[in-house]
Amino acid sequence: MSVPRKKLSGGQRAVLAAPYLWIVVFFLAPMALIAKISLSHPAETRPPYEPTFSIDDGLAGVLAKARTLGFDAYRALADDRLYLDSYLTSLLIAGVSTAIMLMIAYPFALTMARAPRRLRSLLIGLAVAPFWTSFLIRVYAWIALLKDEGLINHALMALHIIDAPLSIYATNGAVVIGIVYSYLPFMLLPLYSALERQDPALREAAADLGASPLQVFWRVTLPLSRPGVIAGCLLVFIPAVGEFVIPDLLGGSETLMIGRTLWNDFFANRDWPAASAAAIILLALLIGPLLVAERARLRAEEEPS
Amino acid sequence: MRFARSLVLLLGFAFLYGPILILAAMSFNASKLVTVWGGFSTKWYVALLDDAATLNAAKISLSVAALSAAIATLLGLAAAVALARFGGFRTRGLFFGAVHAPLVLPEVVLGLALLSAFVAFGFERGFVTLVIAHATFTMCFTSVVLLAALRGLDPSQEEAAMDLGATPMRAFALVVLPAIAPSLASAFLLAFTLSLDDLVIASFTTGPGATTLPMRIYSQVRLGVTPEVNAISTLLLAFVGIILAISALALNRPARDLA
Amino acid sequence: MPLLSVEHASKRFGAVVALDDVSLTVDSGEFFALLGPSGCGKTTLMRLVAGFETPDSGRVTLAGQDLAGAPPHRRPVNMMFQSYALFPHLNVFDNIAFGLRRQGASRVAIQSRVAELLDIVQMQNLGARRIEQLSGGQRQRVALARALAPGPSLLLLDEPLAALDRKLREEMQFQLKDIQRRLKTSFVIVTHDQDEALALADRIAVMRAGKIEQIGSPPEIYERPASRFVAGFVGATNMIEGFVARDDGGWFVAPFGRLKRADCALRDGARAALSLRPEQIVVARDGEGVPGVVEDIAFRGETTQLRIGVAARQALRVSCTNGNRFSLGEPVRLMIAPDAGVLFAEAE
């Protein structure tokens, strides 16, 4: 459907101008800038990359400098095992975490959606409330639980289930646990709203037509909740790939996730072009899921009024 | 069946709240060891009072959160009004996409981009750049909340006000604002807590002299689990918990509408 | 001079033509209805008058004054919205006073005007109620009072009774008519309900696909529909396809027999359609007329609807007051007067 173009009135322009300018200056321009920096060479100057463009150079100056742009940073990333491993580990950890989260969140959301009506909003409210509390602190809380001398090992040994402490802390497994825990509310909310909306009469109709409870679930409940499953998975997978705090606090030194590698390149190595190229590649990796998420949201929010 | 459901709920909530509650309990542990209960004590809280750096970081975090949330709410409101009410203006698609893109953008990417821009613009990094960065990344959340509120509003309410002689501005102030007031409050709270909680973007965009509480906690956490960090964390959790409870009661609606 | 005049108004939304060269006038004190199926453009036309849409071409004038460029808040026209659009954060009194406050009326003037309107809509003492405490019928009346409060010269009503159940709707029809007669304000009502239009309006404009098909008084519209569409949309009808025979006076040749016509201006052999209202057909056990068989009987209280099979796969709906005398399968005769119904030429 073609959107009819419209001329805006003066007042409308004034309302639009503030957020528009802000977004252009503080979002679109910065994004364009890192795309540009990723094509530059590292330098010892401040800002630590070359060439820098400035309006004083004039068009000729900019063009001359533009010739010195290059894909060195990208070539270096392609050669560097560190980055390749980071990308693969990030996708793997995010994928495994998303799958585990779905398996935990689905029965949880289903139980809440089928709870007595007056309890439902209280339950889902409690389930997403941790989202409001500090992410950092929630990740930190797991250190005390997962450490070799932490509470979980302590409890398991006291119960004589294990003899020696399990090494969970500082492994990829700990990162997965941290992601599952931190992002669970994001998975719960779309699942819950998809499940809560389902008309109970549909299940009754299926049962009436001879479906067993298991068949009702597989043939009716699960297919109908698909939009919720997709939304939930995207909502947790995308940020999990670029996660920094969780691998940094719970992961070991060998846990290479792209967010952390990028952070180190930036703060420790001061290699801005490499970090920018890593960010651009991260976006490229996520572009598929991002577009799917964007489409889903557009469909939900841009319904023709 | 009933039993199975209760068990699922019990396990689910234990998983969600267990670690937080254990952390809070540990902050009252006189012993420095996680696995040893050395008796109830508030000494870690008392120690906090002498920690000037942490108190200062808390002050900065609260100011940044309040200021950036106010800016993000106003910008988000303007963006939502434009998207919900101005029809299909030129470059609307670009605007819609750009406003909401930070929702799904990895924080490291946004932080890096903002820092590069601040350096390129020649902005001295510190409190101001921190506020700008937080307003930018929380604006998409406020816009989503307010856009949903405006879409949920019957447009004929505004038309009725204009039909009865109110100018478009007055119709907005007299009819739309009261109707979306709860959503304005949730949008502000959302932006406030997101800003208060942010570590990654703050680390990129702040400068010396403007260390936020999450940055301070992070630097201490890297040194290991300490009872002092447990105490700050518990205070922060309690603070957000109280805000949540008050807003849930005041708005007289379930907390999920705020999310 | 008419109060409201719409001249050659057209409006498109993208590829959709909402209004196509529409002209009409509404007189002072008149109760005018815009009737048509959903999507026919009647709501767009109303919003054009209120100022919420601007015409692509054409003119809207009120008491001789061109309304082009006047925003809704400067038009002396008020609208009652289909959803009522009552302000949920204001009570009944403040809702009704909203327009008066915009006019800058004094406290005293507002007090007495709101009291007067509460009186008109029979909601005395309910001024302090919150909107959510009101029943559907009460909300409808508050919406009416609110739109009337600023004293508009023209009141627009968008499906004002659509949200009410049938009993309440019929009761409110009388009230609405009564209020309009007392205030002598012009009312323009948009409705898709032909019964409502017929019962309320002095004149009706029947619309279809952005065009006005016919403007006329309710009896004119019902008895002399200008097109097949009007005949089919307003009231129930039997639409019979056939052709004209001009031998020995005028005849309409239907699949089930020849019907004598009094009003035939069409040429011999022309394809035509005859619209016959169910009550224009007289059914009898015997005598002259079209033979048929009773296929169905539906008792409707004051009337009985019969379905009479007259030819293979063709049946006529007949409405009569004594339908109970017949039984299923009974052979009957249908008498159709030469001046009953309306004959429409068919496109060849």
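Note that the coordinates shown come from a computational prediction; the quantities given were computed from them, not determined experimentally.

Draft legend 1. Spotlight on the overall build of chain C. When helices and strands are tallied, chain C shows 8 helices and 20 strands. With the C-alpha coordinates aligned to their principal axes, the bounding extent of chain C is approximately 75 × 45 × 35 Å.

Draft legend 2. How the structure looks around the overall build of chain B. Along its length, chain B carries 11 helices and 0 strands. When its helices and strands are written in sequence order, chain B yields α-α-α-α-α-α-α-α-α-α-α. Over its C-alpha atoms, taken along the principal directions, chain B stretches across nearly 70 × 60 × 30 Å. Buried residues in chain B amount to 51% of all 259 residues. In chain B, the share of contacts with a sequence separation of at least 24, taken over all contacts with a separation of at least 6, comes to 76%.

Draft legend 3. Region of the structure containing the nonpolar core. Of all hydrophobic cores here, the largest spans 266 residues; its most connected members are Ala109 and Leu188 of chain A together with Leu156 of chain C. There are two domains that each give this core at least three residues, and those are domain 1 (4-233) and domain 2 (238-345) of chain C. Excluding residues within four positions of it along the chain, leucine 156 of chain C makes contact with Met46, Val49, Ala50, Val77, Met79, Met80 and Val188 of chain C.

Draft legend 4. Inspection of the domain arrangement of chain C at higher detail. Residue and element names in this part refer to chain C. The domains assigned to chain C are domain 1 (4-233) and domain 2 (238-345). Domain 1 and domain 2 are separated by 39 Å when their C-alpha centres are compared. In this assembly, 6 residues from domain 1 lie in contact with 5 residues from domain 2. Looking at the side of domain 1 that touches domain 2 residue by residue, the classes come out as 2 nonpolar, 2 polar and 2 charged.

Draft legend 5. Representation of the interface of chain B and chain A. Listed by partner, the interface residues are 63 residues for chain B and 75 residues for chain A. Put simply, the parts of the chain that give the side of chain B that touches chain A at least two residues each are helix H1 (2-26), helix H3 (52-85), helix H4 (92-100), helix H5 (107-121), helix H6 (127-152), helix H8 (168-197), helix H10 (213-221) and helix H11 (227-250) of chain B. With 11 residues, the top contributor of residues to the side of chain B that touches chain A is H1 of chain B. Tallied by class, the residues present in the side of chain B that touches chain A amount to 49 nonpolar, 8 polar and 6 charged.

Draft legend 6. Structural detail: the environment of valine 139 of chain A. Residue and element names in this part refer to chain A. Within the secondary structure layout, valine 139 lies in helix H6 (residues 135-146). As a C-alpha pair, valine 139 and isoleucine 258 span 119 residues in sequence and 18 Å in three-dimensional space. When near neighbours in sequence (up to four residues on either side) are disregarded, valine 139 contacts Gly178, Ser182, Val245, Ile246, Leu249 and Leu250.

Draft legend 7. Fine view of the confidence of the model for chain C. When the pLDDT values of chain C are averaged, the result is 90; 99% of them are 70 or greater. Predicted complex, confidence summary: ipTM 0.84, pTM 0.79.

Draft legend 8. A look at unusual backbone geometry. Residues and elements named next belong to chain C. For aspartate 21, which is not glycine, the phi dihedral falls at a positive 55°. Along the chain, the position of aspartate 21 falls in strand E2 (residues 16-26). Aspartate 21 gets classed as partly exposed once you count the C-beta atoms within 10 Å, which come to 14. Of note, the phi angle at lysine 184 is positive, near 55°, even though the residue is not glycine. Position of lysine 184 among the secondary structure elements: in the loop between helix H5 (166-183) and strand E8 (186-191).

Draft legend 9. Focus on the confidence of the model for chain B. Residue and element names in this part refer to chain B. Here chain B averages 84 in pLDDT, and 94% of its residues register 70 or above. No element of chain B has a lower mean pLDDT than helix H2 (residues 43-49), at 79, and none a higher one than H3, at 91. Note that residues 254-259 has pLDDT below 50 and, in this model, 19 contacts with residues that lie over four places away or in other chains.

Draft legend 10. Region of interest: the sheet that holds strand E9 (residues 203-208) of chain C. Residue and element names in this part refer to chain C. With respect to topology, 6 strands assemble into an open sheet ordered E6-E7-E8-E3-E9-E10, the strand pairing being mixed. Edge strands, defined here as strands with exactly one partner in the open sheet, are strand E6 (77-80) and strand E10 (211-216). Sheet twist, expressed as the average angle between the axes of neighbouring strands with direction ignored, equals 20°. Strand direction decides the pairing type here: strand E3 (residues 31-35) and E8, joined by 5 bridges, are parallel. Its bridge partner lying in E8, alanine 33 is registered against isoleucine 189. Running at roughly 175° to E6, helix H4 (residues 136-148) makes contact with E6 and strand E7 (154-158) of the sheet.

Draft legend 11. Local environment of the pairing of strand E19 (residues 331-336) of chain C. Residue and element names in this part refer to chain C. Side-chain alternation along E19 places Val332, Leu334 and Ile336 on a buried face and Pro331, Arg333 and Met335 on a face that remains uncovered. Strand direction decides the pairing type here: strand E15 (residues 281-284) and E19, joined by 4 bridges, are antiparallel. Counterpart to valine 283 in the pairing with E19 is leucine 334. Across 4 bridges, the pairing between strand E16 (residues 290-299) and E19 is antiparallel. Residue valine 290 lies in a different strand from E19, and its bridge partner there is leucine 334.

Draft legend 12. Examining H10 of chain B more closely. By the criterion of burial, H10 of chain B is predominantly enclosed, with 7 of the 9 residues buried. Those residues of H10 of chain B that sit buried are Leu213, Pro214, Met215, Arg216, Ile217, Tyr218 and Val221 of chain B.

Draft legend 13. A look at the pairing of E3 of chain C. Of all 5 residues in E3 of chain C, 5 are buried; the element is thus mostly enclosed. Of the two faces of E3 of chain C, the one holding Phe31, Ala33 and Leu35 of chain C and the one holding Phe32 and Leu34 of chain C are both buried throughout.

Draft legend 14. Seen up close, the sheet that holds E2 of chain C. Residue and element names in this part refer to chain C. Across the sheet, which stays open at both edges, the 4 strands sit in the order E2-E1-E4-E5 with antiparallel pairing between neighbours. Each edge of the open sheet is held by one strand with a lone partner, namely E2 and strand E5 (65-66). Relative to strand E4 (residues 57-62), strand E1 (residues 4-13) is paired through 5 bridges, and the arrangement is antiparallel. Bridging across to E4, serine 5 finds its partner in threonine 61.

Draft legend 15. Layout of the packing of H6 of chain B against H8 of chain B. Residue and element names in this part refer to chain B. Where H6 contacts H8, the two axes come as close as 9 Å, and the packing angle between them is 155°. Here H6 is positioned roughly antiparallel relative to H8, judged by the angle of their axes. For the element pair H6 and H8, the recorded crossing hand is right-handed. In this structure, H6 contributes His134, Thr138, Phe141, Thr142, Val145, Leu146, Ala149 and Leu150 to the contact, and H8 contributes Ile180, Ser183, Ser186, Ala187, Leu190, Ala191, Leu194 and Ser195. Residues of the contact of H6 with H8, tallied by class, amount to 10 nonpolar, 6 polar and no charged.

Draft legend 16. View of helix H3 (residues 107-120) of chain C. All names here are of chain C. The end-to-end C-alpha distance of H3, which contains 14 residues, comes to 20 Å, matching closely the 20 Å that a straight helix rising 1.5 Å per residue would cover. Each element contacted by the buried residues of H3 is listed here: helix H2 (92-103) and H4. Glutamine 122 sits one or two residues past H3 and shows a positive phi near 60°.

Draft legend 17. Here's a closer look at the packing of H3 of chain B against H6 of chain B. Residues and elements named next belong to chain B. Two elements in contact, H3 and H6, have axes whose closest approach is 6 Å; the angle formed by their N-to-C orientations is 40°. It follows that H3 is oblique to H6 by the angle criterion. Handedness of the H3/H6 crossing: right-handed. When the residues that make up the contact of H3 with H6 are grouped by side-chain class, the tally is 20 nonpolar, 7 polar and 1 charged.

Draft legend 18. Main features of the environment of proline 19 of chain B. By the secondary structure assignment, proline 19 of chain B is in helix H1. Apart from residues lying up to four places away in sequence, proline 19 of chain B is in contact with Arg138, Ala141, Trp142, Leu145 and Tyr181 of chain A.

Draft legend 19. Inspection of the environment of serine 97 of chain A at higher detail. Residue and element names in this part refer to chain A. Structurally, the position occupied by serine 97 is in helix H4 (residues 81-113). With 26 C-beta atoms counted inside 10 Å, the residue serine 97 sits in the buried group. Expressed as a C-alpha distance, the spacing of serine 97 and tyrosine 181, which sit 84 residues apart in the sequence, is 9.4 Å. Apart from the residues lying within four places of it in its own chain, the contact partners of serine 97 are Val176, Ile179, Val180 and Ala240.

Rules used throughout
- Residues numbered from 1 in each chain as written.
- Chains lettered and ligands numbered in written order.
- Predicted model: local features only at pLDDT ≥ 70, side-chain atom pairs only at ≥ 80, totals over all residues.
- Helix = DSSP H or I, 4+ residues; strand = E, 2+ residues; numbered from the N terminus.
- Buried ≥ 20, exposed ≤ 12 C-beta atoms within 10 Å, placed from the backbone.
- Contact = placed C-beta atoms within 7 Å.
- Core = buried A, V, L, I, M, F, W, Y, C linked by C-beta atoms within 7 Å.
- Domains from an automatic or database assignment.
- Nonpolar A, V, L, I, M, F, W, Y, C, P; charged D, E, K, R; others polar.
- pLDDT = per-residue confidence, 0-100.
- Pairing = 2+ DSSP bridges.
- Axes fitted to C-alpha atoms, helices over the stretch in contact; angles between N-to-C directions.
- Parallel < 35°, antiparallel > 145°, perpendicular 65-115°, else oblique.
- Left-handed = near helix turned anticlockwise from the far one by under 90°.
- Expected span 1.5 Å × (residues − 1).

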